[in-house]
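Letter by letter, the chains look like this.
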Amino acid sequence: MTLNAQSAGRLGALAFVFMIVQIAAISQVTVFGVPADLTPLLVAAVGLLGGSLAGAGYGFVLGFLIDLALLQMLGVSSLIYTVVGYGAGRLRELRDPAHGLTPMAVGAVAAALITIGFALLQFLLGLDAPVSFALVRQILITIVVNSLLALPVYALVRRLLVPYLPDDPRRRRRRAYTTGGLSPLSRA
Amino acid sequence: MYDRQVRRRRAVLAALVALSLILLTAYFGESSGGGLHSVQRGALQVLGPIQEGASRALKPFRDLFGWAGDTFEAKDERDKLKAENERLQRENTGLQAAGIENKELRQLNELDINADLERYEPVRARITGRNPNIFYSRITIDKGSSAGLRVDQPVITGLGLVGRVTTVAGNYSIVTLITDRDFAAAARTLPSNQQGTVRATGSGNSNALELELVEDPKRVRKGDRVVTAGSLDLKLKSYYPRDLTIGFVREIELGAGDLDRIIRVQPAAELASMVWVEVLTDVRAGTAQADSTTSP
């Protein structure tokens, strides 16, 4: 991904809008008693489209903003979101997945990493939150709900970042199929 | 070239993780008046109006999804309510007669058991934000220190206790709900009148409360109302005035011993769907001595 002032501005605005919408609306709508959380999906989508550096940096900033806005312990979300963004970015760099459902799988893994990572950090910090069936159930429902929302979030992020994405995997595969390898653009 | 890229990537990741850990350690170690906490309160002041605007603007969206969810649950709820209605009608006849008698007794004993909330100087506030994380049960409300709110003041709805104010900024406050793992309150059951402590046992939104340390758990019945007991000791003031409804006994699970019972309580307030709350800004007016010597 081309990282310049314009793309950074778009990413920043996207983070801010997602955070506000999440806190003011999405969090107040529950599915089976659990609210959806779009922010891990946003980080995963940016990592998947922009690579590990963009994903990790974006995860850190978004995590910091969330901790700041929700008066949570600073650093917890930054740490977990950084790992999620980096992981999604590395997946793109190593595997270059082109399957249409990849964002869904990545969204599910991102949601799982964030809920389980959060739980682990809470326990490590000595905060008393007993593991119960209800908690496990909530974590599973969160993963399912977030997986379902991963595709639209990914599509939205991709649409906003398309001008800064020169080598989208699906486009590249399509090009490779029709031109027998390299496109005239990449040859130039 | 490749090595340089790999080194750069790893260095950035290490730097971000280290920065997160430094933030975490500094925040964990400092008091609530520390620098990072002040920054958070400042951020709440800045983001509060934006959250409030967004909350109002996105209300139709919330209502739409809330309506869809409610429809799924409505059928199940209708059947339960039908059965509940029949039971209540039977009870109502007895209660009407008891009510007249009760009124006379109250006048005789000059006992005010009504929840006269005006004396607590309630301040009505709108919920502008909610924490999506299942490990935190917190909401943001649009009233702060400028409206007389202070830390530790109780928060209620018409149905019952919601939680207490844990952070106050100028025009916004954070309320920690009764389902948060930090919640605990001296409580008693009605009509069985058993003292105990209500604690949140699960995390976040699981709505799990348990009644513990009950004097005689065998006397507690399913459906009993659980209310705050107020201060049990003059030295240990309770956050909550007496006789605020916390919830209802939902389930009693028998343990190994004769007195070993797990008493699960369903919060009375609809924590997931409430929009307005009231903060009781003068709790001293209603804090009364309960008739037990233990204090949680």
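Source: prediction; values computed, not measured.

**Q** Is there a simple way to think about the overall build of chain A in this case?
**A** Scanning chain A from terminus to terminus reveals 8 helices and 2 strands. Across chain A, helices and strands are ordered from the amino to the carboxyl terminus as α-β-β-α-α-α-α-α-α-α. Counting across all 188 residues of chain A, residues that qualify as buried make up 55%. Considering only contacts within chain A whose residues lie at least 6 apart along the sequence, 72% involve residues at least 24 apart. For chain A, the accessible area works out to roughly 8,100 Å², and carbon and sulfur atoms hold 70% of it.

**Q** Looking at this structure, I do not really get the interface of chain A and chain B. What am I missing?
**A** Accessible area lost during the coming together of the parts is what is often quoted as the interface size. Facing 52 residues of chain A, the contacting portion of chain B comprises 46 residues. A combined buried area of about 4,700 Å² lies between chain A and chain B, and 71% of that area is made up of carbon and sulfur atoms. Inspection of the region where chain A meets chain B yields 0 salt bridges. Inspection of the chain A/chain B interface yields 9 residue pairs in polar contact (both at pLDDT 80 or more). Of all elements in the fold, only α1 (5-24), α3 (52-69), α4 (76-95), α5 (102-124) and α6 (133-161) of chain A reach the threshold of two or more residues within the side of chain A that touches chain B. If you tally residues by element for the side of chain A that touches chain B, the top one is α3 of chain A, at 9 residues.

**Q** Would you explain the nonpolar core in this entry?
**A** One broad rule of soluble globular proteins: the nonpolar side chains tend to lie buried together. Leu-42, Val-76 and Val-157 of chain A are the most contacted members of the largest nonpolar core, which has 68 residues in total. Among the secondary structure elements, those contributing two or more residues to this core are α1, α2 (39-50), α3, α4, α5 and α6 of chain A together with α1 (2-29) and α2 (35-57) of chain B. Looking at this core element by element, the count peaks at 10 residues for α6 of chain A. Once residues lying within four places of it in the same chain are set aside, the contact partners of Val-157 of chain A are Leu-14, Leu-42, Ala-45, Val-46 and Leu-49 of chain A. The next biggest cluster of nonpolar side chains, apart from the first, holds 38 residues, and it includes Ile-141, Val-155, Val-175 and Ile-246 of chain B.

**Q** So what exactly am I meant to see when it comes to empty space enclosed by the protein here?
**A** Over the atoms, a rolling probe the size of a water molecule traces out where space has been left empty. Residues and elements named next belong to chain A. All chains considered together, the criterion is met by 4 cavities of 30 Å³ or more. The computed volume of the largest cavity comes to approximately 120 Å³. Going through the elements one at a time, β2 (34-35), α5 and α6 are the ones with two or more residues in the lining of the largest cavity. With 4 residues, α5 is the largest single contributor of residues to the lining of the largest cavity.

**Q** Help me understand the packing of aromatic side chains in this model?
**A** Think of a pair of aromatic rings as described by two things: how far the centres are apart, and how the planes are tilted against each other in angle. All names here are of chain B. Taken as a whole, this structure holds 2 aromatic pairs over all chains when the rule is applied. Ring centres of Tyr-239 and Tyr-240 lie 6.0 Å apart, and the angle between their planes is 80°; this geometry places the pair in the edge-to-face category. Note on Tyr-239: relative accessible area 35%, which makes it partly exposed. Here the aromatic residues Phe-183, Tyr-239 and Tyr-240 are joined through ring pairs into a cluster of three or more. Over the ring of Tyr-239 we find Arg-164; its NZ or CZ atom is 4.1 Å from the centre of that ring.

**Q** Teacher, can you tell me more about the pattern of salt bridges here?
**A** Oppositely charged side chains can pair when the atoms bearing their charge come close. Residues and elements named next belong to chain B. With the rule as written, the count across this model stands at 9 salt bridges over all chains. When the shortest N-O distance is used, the salt bridge between Arg-264 and Glu-210 registers 3.9 Å. Taken as a pair, Arg-264 in strand β11 (residues 261-267) and Glu-210 in strand β8 (residues 209-212) lie far apart in primary sequence, 54 residues in all. One salt bridge in this structure joins Arg-264 and Glu-253, with 2.7 Å as the shortest N-O distance. Pair noted here: Arg-264 is in strand β11 and Glu-253 is in strand β10 (residues 245-254), with a separation of 11 residues, a long-range link. Connected through shared salt-bridge partners, Glu-210, Glu-251, Glu-253 and Arg-264 make up one network.

**Q** What exactly am I supposed to notice about the sheet that holds strand β6 (residues 184-190) of chain B here?
**A** Backbone hydrogen bonds hold the strands of a sheet together, and the pairing may be parallel or antiparallel. All names here are of chain B. An order of β6-β7-β8-β11-β10-β9 is seen for the 6 strands of this closed barrel, with the pairing classed as antiparallel. In this sheet, adjacent strand axes meet at a mean angle of 45° when their direction is disregarded. Where β6 and strand β7 (residues 195-200) come together, 5 bridges link them in antiparallel fashion. Following the sheet pairing, Ala-185 is matched in β7 by Val-198.

**Q** Hey, could you run me through the environment of Ser-20 of chain B in this one?
**A** Looking at the secondary structure, you find Ser-20 of chain B in helix α1. For Ser-20 of chain B, a relative accessible area of 0% gives the class buried. Apart from the residues lying within four places of it in its own chain, the contact partners of Ser-20 of chain B are Phe-60, Gly-75, Ser-78, Leu-79 and Thr-82 of chain A. A distance of 3.4 Å separates a polar atom in the side chain of Ser-20 of chain B from the backbone nitrogen of Leu-79 of chain A.

**Q** Can you help me understand the side chain of Ser-27 of chain A in this one?
**A** Note that Ser-27 of chain A resides in the loop between α1 and β1 (30-31). We classify Ser-27 of chain A as buried; its relative accessible area is 1%. In this structure the side chain of Ser-27 of chain A is engaged in a polar contact, spanning 2.7 Å, whose partner is the backbone oxygen of Gln-22 of chain A. There is a polar contact of 3.3 Å between the side chain of Ser-27 of chain A and the backbone oxygen of Arg-130 of chain B. Residues within four places of Ser-27 of chain A in sequence aside, it is in contact with Gln-22 and Pro-35 of chain A together with Arg-130, Asn-131 and Pro-132 of chain B.

**Q** Whenever I open this one, the sheet that holds strand β12 (residues 276-280) of chain B confuses me. Can you help?
**A** All names here are of chain B. Spatially, the 6 strands close up into a barrel ordered β1-β2-β5-β4-β3-β12, and their pairing is antiparallel. The sheet shows a mean angle of 45° between the axes of neighbouring strands, direction not considered. Bridge analysis of strand β3 (residues 154-156) against strand β4 (residues 161-168) gives 3 bridges, and the strand direction is antiparallel. Counted as the bridge partner of Pro-154 is Arg-164 from β4. Across the sheet, α2 touches β1 (122-130), β2 (138-141), β4 and β5 (173-177), and the angle it forms with β1 is around 85°.

Rules of the game
- Residues numbered from 1 in each chain as written.
- Chains lettered and ligands numbered in written order.
- Predicted model: local features only at pLDDT ≥ 70, side-chain atom pairs only at ≥ 80, totals over all residues.
- Heavy atoms only, no water.
- Helix = DSSP H or I, 4+ residues; strand = E, 2+ residues; numbered from the N terminus.
- Buried < 20%, exposed > 50% of the residue type's maximum accessible area, 1.4 Å probe, protein only.
- Contact = heavy atoms within 4.5 Å.
- Areas by Shrake-Rupley, 256 points an atom, 1.4 Å probe, with all protein chains shown as cover.
- Buried area = accessible area lost by both parts, 1.4 Å probe.
- Salt bridge = Lys/Arg side-chain N within 4 Å of Asp/Glu carboxyl O.
- Polar contact = N/O pair within 3.5 Å; in protein donor to acceptor, adjacent residues only side chain to side chain.
- Core = buried A, V, L, I, M, F, W, Y, C linked by side-chain atoms within 4.5 Å.
- 1 Å grid on protein atoms, 1.4 Å probe; cavity = no way out; pocket = protein on both sides within 12 Å on 5 of 7 lines; lining within 4 Å.
- Points joined across faces, edges and corners; volume = space filled by probe spheres on them.
- Phe/Tyr/Trp six-rings, centres within 6.5 Å; stacked < 30°, edge-to-face > 60°.
- Lys NZ or Arg CZ within 6 Å of the ring centre and 35° of its normal.
- Pairing = 2+ DSSP bridges.
- Axes fitted to C-alpha atoms, helices over the stretch in contact; angles between N-to-C directions.

In short, geometric facts, not functional conclusions.
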